[in-house]
Amino acid sequence: MATSSYKRLHENERDTPYPQAEHKLFLNPSPLLVPVAAKKSDYLQFALSQDKGFPENNTMISKPSPWCMFNPHQVLAAGNWYWRYRSVSKSGEKEEWSETFCFTVTEDIPQFATPSFDVLLRNIPAGYPRLFCFLDDGLDRARIHVANHPEYSQLLDRADRGLNANYNFVNAPYTKGGEMGLLCNFMHQAYLLTEDEVYADKMIEFVRLLLEDTPDKQLLKNDFYSGNLILLFSHTYDVCYDRLCPAERLQIEEVLMEIAKGHHSVQDTGREENHIFDNHFWQCGFREMLQLGLLLYDKNPKAKEMLEYCYELWTARAPASGFNRDGIWHNGTGYFDANIKTLYYVPSLFTHLTKVDFLQHPWYQNVGKALVYAWPPKTMSAGFGDGNERSPEPPRIRTAFAD
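All values reported here derive from a predicted model rather than from experimental measurement.

> It is not clear to me how the overall build of the chain should be interpreted in this structure. Could you clarify?
When helices and strands are counted, the chain shows 13 helices and six strands. In summary, the chain has a C-alpha radius of gyration of 23 Å against a globular reference of 22 Å for 403 residues, a match within 12%. Summarising its shape, the C-alpha atoms of the chain cover approximately 65 × 60 × 40 Å along the three principal directions. Within the chain, buried positions represent 52% of all 403 residues. Of the contacts made within the chain by residues no fewer than 6 positions apart, 72% connect residues no fewer than 24 positions apart. About 19,600 Å² of surface is accessible on the chain, with carbon and sulfur atoms providing 51% of the total. In the chain, which carries 40 positive and 52 negative side-chain charges, the distance between the mean positions of the two groups comes to 3 Å.

Shown next as structure tokens:
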């Protein structure tokens, strides 16, 4: 009986650079990824060329950056490619280049190249709101007919939960911050579609209650709680910007960046570009970090860095880990639903801001078939994952994603 020397199919966190000669690429262009241990100083810099001598006139050299990845942002010609990396300090001191790695690009590899980050950056709306700018062209039309939509009453019912909530007599408002964030989500949706100021008023009421208190550092250790707080502060800041005084806006900016220290400011660690799949981060943490960067990139240099990191990370490792073209959600039917909001929001935003269709990625081109294969008509779901066995039919968010 044949035996294999392999101890695992894939390390949980990358410990070898990618790609190398033995790798069959999933996409053209491929990201360049190096393990965290390879970073010996503040930054990493990459060199990529079809000439292993790396001539100056025929080599892509990345800017030094804190993360362990580089995206060429252009389709690579067929043939052999060579790459290397080096560590660079904040003061500009350069380590020696690493060994040279080689990989081969063949004609049969699917092509999908994203624009460079500066393209996205220059198309961000100057003012607010901006988090859902990709909806701007359709909102006016939607508002004309929204009251006739079969789900309109359900929309209002959910938003009314927020309107009816009263936290004015809670001694420690941050203990209810997670609840406020969830209710804010419902009211934000209703406000976008109806423009009824009662929803904005209530969102501001929640925020002002928290601004009178201090964030509880113990509560901030929970990533879902922190995400709900980010939603509450960021979405209210976005749609109520002109109704908040300058001091309140500044305080919200400071609170948001403080929350981000715990779970959403990961661009210096190298973890997410190298982890095989960090579930909670990709479900919601990534989207929250992206929205925080989008909201404050022109107010805070760290937020701008977060925005760029998210764009580069999505290009390198998304959707569905980045090593996946089939449209299937590898950790199950149940968990697919937990990721849908991010899987829809991010390509919608990036497509709008770059004018390049992010749904042309091979994974998105196959996900329609995958949805049917994983949940055949008139059956229970065929996949696995927490909670999937409790749903006799696809939930609302799944059918919305199918639309």
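> Can you help me understand helix 3 (residues 152-163) in this one?
What sets the pattern is the α-helix's 3.6 residues per turn: residues three or four places apart point alike. With twelve residues, helix 3 should reach 16 Å at 1.5 Å per residue; the first-to-last C-alpha distance of 16 Å fits that figure. Within helix 3, the full set of buried residues consists of Leu155, Arg158, Ala159 and Gly162. Buried positions in helix 3, seen along its axis, are confined to an arc of 95° and lie on one side of it. Looking at the buried positions of helix 3, the neighbouring elements they touch are helix 4 (177-194), helix 5 (197-211) and helix 13 (396-402).

> Is there a simple way to think about the pattern of salt bridges in this case?
When the charged atoms of two side chains with opposite charge come close together, those side chains can pair. What the rule picks out here adds up to 20 salt bridges. Between Glu197 and Arg243 there is a salt bridge; the shortest N-O distance is 2.4 Å. A residue pair is termed long-range when its members are at least 10 positions apart, and Glu197 in helix 5 and Arg243 in the loop between helix 6 (223-239) and helix 7 (246-263) qualify at 46 residues. For Asp278, the salt bridge goes to Arg271, with nearest N and O atoms at 3.3 Å. Overall, the relative accessible area of 17% leaves Asp278 in the buried class. Residue class for Arg271 comes out partly exposed when judged on its relative accessible area of 32%. A network of salt bridges, in which partner residues are shared, links Glu13, Arg271, Glu272 and Asp278.

> Would you explain the packing of aromatic side chains in this entry?
The relative placement of two aromatic rings is captured by the distance of their centres and the angle of their planes. All told, the structure shown has 32 aromatic pairs when counted by the stated rule. Here the aromatic rings of Phe281 and Trp282 are separated by 5.5 Å at their centres, their planes lie at 85°, and the arrangement is edge-to-face. Assessed through its relative accessible area of 5%, Phe281 is described here as buried. On the basis of relative accessibility, which here comes to 6%, the residue Trp282 falls in the buried class. Taken together, a centroid distance of 5.5 Å and an interplanar angle of 35° make the contact between Phe286 and Trp314 tilted.

> Sorry, what's going on with the side chain of His73 here?
Mapped onto the elements of the fold, His73 is located in the loop between strand 4 (69-70) and strand 5 (79-88). Not counting the four nearest positions on each side in its chain, His73 is found in contact with Pro29, Ala113, Thr114, Pro115, Ser116, Tyr311, Glu312 and Thr315.

> Sorry if this is basic, but what is going on with the packing of helix 9 (residues 279-296) against helix 11 (residues 333-354) here?
A pair of packed helices is characterised by two quantities: the angle between their axes and the separation of those axes. Taken N-terminus to C-terminus, the directions of helix 9 and helix 11 make an angle of 30°; their axes are 8 Å apart at the nearest point. Judged on the interaxial angle alone, helix 11 and helix 9 are roughly parallel. Remark: the crossing between helix 9 and helix 11 carries left-handed chirality. Between helix 9, through Trp282, Gln283, Cys284, Phe286, Arg287, Leu290, Gln291 and Leu294, and helix 11, the contact on the second element is made entirely by Tyr335, Ala338, Asn339, Lys341, Thr342, Tyr345, Val346, Leu349, Phe350 and Leu353. Classifying every residue of the contact of helix 9 with helix 11 gives twelve nonpolar, four polar and two charged.

> Looking at this model, I keep getting lost on helix 7. Mind explaining?
Over its 18 residues, helix 7 extends 27 Å from the first C-alpha to the last, a length consistent with the 26 Å expected when each residue adds 1.5 Å. Regarding helix 7, the residues found buried are Glu248, Arg249, Ile252, Glu253, Val255, Leu256, Met257, Ile259 and Ala260. Close packing links the buried residues of helix 7 with helix 5, helix 6, helix 9 and helix 10 (301-317).

> Can you help me understand the pairing of strand 5 in this one?
Burial runs high along strand 5: eight of the ten residues are buried. The sheet contact formed by strand 5 and strand 6 (residues 101-105) spans five bridges and is antiparallel. Looking at the pairing, Asn80 lines up with Thr104 of strand 6.

> How do you make sense of unusual backbone geometry when you look at a structure like this?
A negative phi angle characterises most non-glycine residues, just as the trans form characterises most peptide bonds. Here the residue pair Asn28 and Pro29 is connected by a cis peptide bond, since its omega of 10° sits within 30 degrees of zero. Along the chain, Pro29 falls in the segment before strand 1 (32-33). Of note, the amide linkage connecting Ala318 to Pro319 takes the cis form, showing an omega dihedral of -10°. When you line up the elements, Pro319 lands in the loop between helix 10 and helix 11. Its identity as a non-glycine residue notwithstanding, His73 has a phi of 60°, on the positive side.

> How should I be thinking about the side chain of Arg317 in this particular structure?
With respect to the helices and strands, the residue Arg317 is situated in helix 10. For Arg317, which is buried and forms no salt bridge, the nearest opposite charge comes from Glu272, at a distance of 7.3 Å. A polar contact is formed between the side chain of Arg317 and the backbone oxygen of His275, at a distance of 2.9 Å. For Arg317, the residues in contact, after removing those within four places along its chain, are Leu33, Glu272, Glu273, Asn274, His275, Ile276, Trp282, Gly322 and Phe323.

Rules behind the numbers
- Residues numbered from 1 in each chain as written.
- Predicted model: local features only at pLDDT ≥ 70, side-chain atom pairs only at ≥ 80, totals over all residues.
- Heavy atoms only, no water.
- Helix = DSSP H or I, 4+ residues; strand = E, 2+ residues; numbered from the N terminus.
- Rg over C-alpha atoms; globule rule 2.2 N^0.38 Å.
- Buried < 20%, exposed > 50% of the residue type's maximum accessible area, 1.4 Å probe, protein only.
- Contact = heavy atoms within 4.5 Å.
- Areas by Shrake-Rupley, 256 points an atom, 1.4 Å probe, with all protein chains shown as cover.
- Lys, Arg positive; Asp, Glu negative; His and termini not counted.
- Charge placed at Lys NZ, Arg CZ, Asp CG, Glu CD.
- Expected span 1.5 Å × (residues − 1).
- Arc of directions from axis to C-beta.
- Salt bridge = Lys/Arg side-chain N within 4 Å of Asp/Glu carboxyl O.
- Phe/Tyr/Trp six-rings, centres within 6.5 Å; stacked < 30°, edge-to-face > 60°.
- Axes fitted to C-alpha atoms, helices over the stretch in contact; angles between N-to-C directions.
- Parallel < 35°, antiparallel > 145°, perpendicular 65-115°, else oblique.
- Left-handed = near helix turned anticlockwise from the far one by under 90°.
- Nonpolar A, V, L, I, M, F, W, Y, C, P; charged D, E, K, R; others polar.
- Pairing = 2+ DSSP bridges.
- Polar contact = N/O pair within 3.5 Å; in protein donor to acceptor, adjacent residues only side chain to side chain.

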